[in-house]
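Architecture and fold: a report
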Amino acid sequence: MRLLQPASLFAAAFLLVPGAAMADGPDYAAAERFTPKEVYALLYGEDAVDQAAGRKDSFSWDYRFDPDIVKPDWSEDGQGFTFDYRTAKGAFRATVDIAAREKTFAAAPEASASGAAQERPAGLLSPDGSFRVGVVDHNVVLISPDGEQTQLTTDGEPGRSFAAEDGSWDSQKAFRARLGWFPDAKRFWMERWDNREVGEYWILNALAEPRPALREFHFATAGDEHVPIPELWVFDAEAETAVQIDTARWPGQFVGNMDIGVGTIGKGIQAPEGTGEIYYVRMSRGYGEVELVAADPETGESHVILHETGDPYFTVRYPVFRVLDGGKEIIWLSDRDGYNHLYLYTGEGELVRQLTDGEVVIENILHVDEENRTLIVSGYGAQEGENPHYRHHFRVDLKTGETVLLNPESGYHHLHPSPDGAYMVDTWSRPDLAPRSVLLDGNGNKLMDLYQTDISALEEAGWEPPLPFEAVAADGETPLYGSLWMPFDVEPGETVPILVNPQPNPSGYGNFALEFYPTDSRVAFSQLGFAIMASSTRGQAQGVRAKEYLTYSRGNVRDYPLADSRTTLEQLGEQVDALDLSRAGVFGYSGGAFMTAALLFTYPDLYQAGAAGSGNHDNRIAEMNSGEYFFGVEQEDGEWVVNMKTNQAIADGLDAPFLLYHGDSDTDTHFAHSVRLADALIEAGKAFEFMIYPGQDHDMAEDRSYEQRRLWQFFARHMMGDRWRSDIYRLDENKQD
């Protein structure tokens, strides 16, 4: 295990000989100085705080820092652009003249400065601005400029609606449809999911007036017999027609991508110019077969372009493909050689060549230059010795497959090419490097500096970045990566307790810091006097690392990340003498809560306390997408079978203070997950704390400030010997409760 790139001499304090524990107990005042709200104010000023979320919640999601600072609004000729940014002095708009290499600045327009949401007209505007598309009573309507509506479908109903609303498959809320446009701007496609046979979930709104109310919605879980059925429709605004595409292939299949209801992600459905067809990707429910299909939008008839199988499954969850030259060539992303790479096919589906290779993992195609036969793509693992989770960008030659790195600076990059690909705005950062943006030419040569975030006020306040580190997995060879947040005032010879903050989601990377993110809630938490560790494990990093690394989690839900997390903590303790592993705790949220409980129950010798919020402790009742996709589903005797280990099964391993909590209106991870775990703990005769957040959904949006301080208090009491304090918003006051 080794620490990487120490941010400052402050890091040296952690590498001293062990000594006494930090004195005086939890420092609530220090934690309050570095809440997301206070850090946001240091960066952007008090006015920005009031405009984002006001003073009501110091942990509001509105205080999230966006490391992709410069998002260019390109001019039509691609020779200039504008971008908006904010400093502590206000909100500004920069105008860039590329030919002159000049920037001019002015106050940002009022809407940009305030960040206020603007009221939008009903429906989604067509590219040529001639009409809008909306959904009324579950059916598609065209809306003319004068507001006249023309209904295009009549069979929409609850459970089979063209509308989409958060957490509910049968919402009637209009104009939330997902759609894509044909090049003529008169035809468009939409997806609809038939959920009428899907099982129901219920949520009891105990706060409803005058009496509690029941909410019902369709929700597919792993192994269900009946799952949502995708439909793909093409509409013609001029002819006022609707055609359903024949997408049927496998029972329980997916169309567009492998997430129910979000088929547009990854551009898994496209209507390329010059082809006269609509292309889509479909995948079997077992996730072992995938096809690229083209369809006639007039008749709905489909034909397969290419077919691929995956072992143990096809890991490109969000399809990436491009159709070139009016359908004569196709670029396709596949994991077939163990890494995500691009392949060139003829329009009939015959392989021409593999375009990219090696250990670089391709993520997406950002730009296609058909005339010069080049691509601009994003990917990972660009440079030996660098954290492989850092994203970079490359130019790929379609003729030779030559792949050239465009932005080698070490960090996580966001790239915005101009419409013709001649210029690119590149913004990058690291946890210890504030975002900086530059203008590049099409070959990656720097043309001019654009912007760099001013963090001087943050540094003057005493803020320090988390420390990046590298460890070795439990197999003794696989490199793992992580971040360590430390109290800023650790004195030489002092030791601090450590909290592990896990996140096992295979589509994520372990919850550690990759970009500059000073409003991370763990900054404030660590100032109580805790070190906080977040790290990767095998079985994660979908589309970022090798296929073998990701599929380590297949068929082993719950247990696959545990050994890697433990060995990483132990290696960190050996390297950093300021860490007191005899005072180790663990906390997590959502999938991190699932892993938190599993770690606490599996390693009672290691952890002294744990807190798990809104966790998917029983994946048999979790949403089917991730559960089946990452952990496996098989068909046996006509039935779909999953093998899901639960936290209830190991609840008797609890031997430390444990806080279990959940929002009772959670539409993503149902409240029943925590209730089932609570039942198992009671059955096992275990003492624990169980807290309900009334009316809260999965994001805990209205109670985040309370939730975070409740965590502070819990770990301060059980790991620092702090007394009970009854006023959760006045923890820093020195009074006896």
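In what follows, the structure referred to is the one given above.
So, how was this worked out
- Residues numbered from 1 in each chain as written.
- Predicted model: local features only at pLDDT ≥ 70, side-chain atom pairs only at ≥ 80, totals over all residues.
- Heavy atoms only, no water.
- Helix = DSSP H or I, 4+ residues; strand = E, 2+ residues; numbered from the N terminus.
- Rg over C-alpha atoms; globule rule 2.2 N^0.38 Å.
- Buried < 20%, exposed > 50% of the residue type's maximum accessible area, 1.4 Å probe, protein only.
- Contact = heavy atoms within 4.5 Å.
- Core = buried A, V, L, I, M, F, W, Y, C linked by side-chain atoms within 4.5 Å.
- Polar contact = N/O pair within 3.5 Å; in protein donor to acceptor, adjacent residues only side chain to side chain.
- Salt bridge = Lys/Arg side-chain N within 4 Å of Asp/Glu carboxyl O.

A short note on the overall build of the protein chain
When helices and strands are tallied, the protein chain shows 12 helices and 42 strands. For the protein chain, the C-alpha radius of gyration of 26 Å lies close to 27 Å, the compact-globule estimate for 737 residues. Structurally, the protein chain occupies a C-alpha span of about 75 × 65 × 55 Å along its principal axes. Burial analysis of the protein chain (737 residues in total) assigns 58% to the buried set. Of the contacts made within the protein chain by residues no fewer than 6 positions apart, 61% connect residues no fewer than 24 positions apart.

Some words on the nonpolar core
Core analysis: the largest hydrophobic core is formed by 70 residues, its most contacted members being Phe81, Leu439, Phe525, Trp712 and Phe715. With six residues, the top contributor of residues to this core is helix 12 (residues 704-720). Other than its neighbours up to four places away in sequence, leucine 439 contacts Trp74, Phe81, Ile98, Tyr423, Met424, Val425, Asn445, Lys446, Leu447, Met448 and Leu450. By size, the runner-up hydrophobic cluster in this structure holds 50 residues, among which are Ala220, Val290, Leu333 and Leu398.

Comments concerning the side chain of threonine 519
Its location among the elements puts threonine 519 in the loop between strand 35 (496-500) and helix 6 (521-526). Threonine 519 sits in the buried class, given a relative accessible area of 3%. Reaching out from threonine 519, the side chain makes a polar contact with the backbone oxygen of tyrosine 63 at a distance of 3.1 Å. Discounting chain neighbours no more than four positions away, the residues touching threonine 519 are Pro36, Val39, Tyr40, Tyr63, Arg64 and Phe65.

Side note on the pattern of salt bridges
Counted under the stated rule, the structure contains 38 salt bridges. Two residues, glutamate 157 and arginine 196, come together in a salt bridge whose shortest N-O distance is 2.9 Å. Here arginine 196 lies in the loop between strand 11 (187-194) and strand 12 (200-205) and glutamate 157 lies in the loop between strand 9 (149-151) and strand 10 (179-181), a separation of 39 residues in the sequence. When its relative accessible area of 30% is taken as the criterion, glutamate 157 is described as partly exposed. Here arginine 730 ties to aspartate 727 by a salt bridge, and the two come within 3.3 Å at their closest N and O atoms. Given a relative accessible area of 22%, aspartate 727 falls into the partly exposed group. Residues joined in a network through salt bridges with shared partners are Asp155, Glu157, Arg160, Arg192, Asp194, Arg196 and Glu231.

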